[in-house]
Amino acid sequence: MRQIRDRVAGLDVHRDTVVASIRITMSDGSLEVSKERFPATRRGLSELVAFLLDGDVTTVAMEATGVYWRPVGRTIDETESRARAQSDNRWSPKVPR
């Protein structure tokens, strides 16, 4: 499979937690992977966004059962909207829908 993105994250969303994995392709072709678990609370989702920002993630994919993805998606969308309003191009994630 051909790689098309260098800085990506995958989110596995559960009722009480979100597991996030970031995969970064370095300039020498090596991979850097980091994984963390966050509580599905307002504070936990803020920590998740900080984790994604720190990784300079450009693309996020989510897997969830039921409606548990909604607060996560909303938090990411709100962060993206604030970044646009402030003309901060540091992070503009693309969440496939």
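Below is a short write-up of the structure. Since this is a predicted model, take the numbers as computed values, not measurements.

Description of the sheet that holds strand 4 (residues 59-64)
In step 1: Strand order in this open sheet of four strands is 3-2-1-4, and the pairing throughout is mixed. The two strands at the open ends of the sheet, each matched to only one other strand, are strand 3 (31-39) and strand 4. Strand after strand, the sheet turns through a mean of 15 degrees between neighbouring axes, direction not considered.
In step 2: Sheet strands touched by helix 1 (residues 42-54): strand 1 (7-13), strand 2 (17-25), strand 3 and strand 4. Its angle to strand 3, the strand with the most contacts, is close to 170 degrees.

Looking at the pattern of salt bridges
Working definition: two side chains of opposite charge can pair if their charged atoms are close together.
In step 1: Tallying each qualifying case throughout the model produces two salt bridges.
In step 2: Among the salt bridges present, the one from aspartate 16 reaches arginine 15, with a minimum N-O distance of 2.9 Å.
In step 3: Residue class for arginine 15 comes out exposed when judged on its relative accessible area of 54%.
In step 4: Glutamate 47 is paired through a salt bridge with arginine 43; the nearest N and O atoms lie 3.5 Å apart. In this pair, glutamate 47 and arginine 43 are both assigned in helix 1, four residues apart and thus about one turn of the helix distant.
In step 5: On the basis of relative accessible area, glutamate 47 is assigned to the partly exposed category, the value being 36%.

Criteria and thresholds
Residues numbered from 1 in each chain as written. Predicted model: local features only at pLDDT ≥ 70, side-chain atom pairs only at ≥ 80, totals over all residues. Heavy atoms only, no water. Pairing = 2+ DSSP bridges. Helix = DSSP H or I, 4+ residues; strand = E, 2+ residues; numbered from the N terminus. Axes fitted to C-alpha atoms, helices over the stretch in contact; angles between N-to-C directions. Contact = heavy atoms within 4.5 Å. Salt bridge = Lys/Arg side-chain N within 4 Å of Asp/Glu carboxyl O. Buried < 20%, exposed > 50% of the residue type's maximum accessible area, 1.4 Å probe, protein only.

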